[in-house]
Amino acid sequence: MGDVGDTNGQPVSGLPTSPLLKAKLRAPVVPDHYVRRPRLLRLLDEAVEGPLTLVVAPAGVGKTVLLAGWAAETGAATGWLSLDESDRDPSQLWSGMVAALDRLAPGSADAALARLRRPGGLSDVVEELLDGLDTRAGPSAVLVVDDLHFVAGDEGARSLATFLLHLPPWLRVVGLSRRQPELPLERLRARGQLREVHLAELRFSRREAHEMLARMAPSLPREWIETTAAQAAGWAAGLQLAALAARAEQARGEPGAAAAGDE
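This structure is a prediction, so every number in the text was calculated from the model and none was measured.

Moving on to empty space enclosed by the protein. On inspection of all chains with the given rule, the structure shows one cavity of 30 Å³ or more. In this structure, the largest cavity spans a volume of roughly 50 Å³. Surrounding the largest cavity, Leu-52, Leu-54, Met-97, Val-145, Leu-148, Leu-160, Leu-164, Val-173, Gly-175 and Leu-183 form its lining. Elements with a minimum of two residues in the lining of the largest cavity: strand 1 (52-56), helix 7 (154-165) and strand 4 (171-177). Residue composition of the lining of the largest cavity, by class: nine nonpolar, one polar and no charged.

This is the structure:
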């Protein structure tokens, strides 16, 4: 991953972060069974030339692992923010956004943080943040926001839309979501600011499925791998669950190995 913050991965401006927030600011570890998919890595390289990229697909497709793998090898400075249920609260959402962006542009979020701590609307926070980010000089950087579908409600969605419509030239945002987020997508498309990746691109090809299964269950016969890859229909979670079930059956000494789709 590109360098952010100081040499210990901590924000250099003194922005306070709780242990939970620090965890949300870390990119997930790329698992041992990660399959490097050059076609999708090239697609992401091209997509982040634009201001906003949305990766939208149901759970279990492998969005997070794909982006973690891409972030680990891209040459651009990359930050990460994982959202959860608590980020349905707009103030909580922007606390995380401010902390994540402070790692990409140390000190640029100080005024926004101070505004966030005072009573008032989030529009002022977003304005202060955009003003601070505009002062950063240097090459492009990427912020990955995982589980963007947790942003809900008028205030949260409206403030995020304002931010994304006015990104500074150096900042790229990649949002991962299980469904279309509550954003002005048609307006972003019309402006040429939006790149999109969907389920059709994310499904594992037969070769990619074979590679994942061979990594997770290398001792299983090729016939089982062929059958399971076909039945999973490119679904990453189906491949993983089938491999785990087959390994468990092997450990119990049972002769059969369940394939994806078997009850």
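Moving on to the nonpolar core. If you look at the biggest cluster of nonpolar residues, it comprises 46 residues, and the most contacted ones within it are Trp-94, Met-97, Leu-129, Phe-163 and Leu-171. With eight residues, the single largest contributor to this core is helix 4 (residues 90-104). Listed in part, the 20 residues of the second largest apolar core include Leu-66, Leu-67, Trp-80 and Val-197.

Glancing now at the sheet that holds strand 5 (residues 194-197). With respect to topology, five strands assemble into an open sheet ordered 2-3-4-1-5, the strand pairing being parallel. What marks the edges here is a single partner per strand, and that holds for strand 2 (77-82) and strand 5. Within this sheet the neighbouring strands show an average axis-to-axis angle of 15°, counted without direction. The sheet contact formed by strand 2 and strand 3 (residues 141-146) spans six bridges and is parallel. In the strand pairing of strand 3, Thr-78 is matched with Val-142.

About the criteria used
Residues numbered from 1 in each chain as written. Predicted model: local features only at pLDDT ≥ 70, side-chain atom pairs only at ≥ 80, totals over all residues. Heavy atoms only, no water. 1 Å grid on protein atoms, 1.4 Å probe; cavity = no way out; pocket = protein on both sides within 12 Å on 5 of 7 lines; lining within 4 Å. Points joined across faces, edges and corners; volume = space filled by probe spheres on them. Helix = DSSP H or I, 4+ residues; strand = E, 2+ residues; numbered from the N terminus. Nonpolar A, V, L, I, M, F, W, Y, C, P; charged D, E, K, R; others polar. Core = buried A, V, L, I, M, F, W, Y, C linked by side-chain atoms within 4.5 Å. Buried < 20%, exposed > 50% of the residue type's maximum accessible area, 1.4 Å probe, protein only. Pairing = 2+ DSSP bridges. Axes fitted to C-alpha atoms, helices over the stretch in contact; angles between N-to-C directions.

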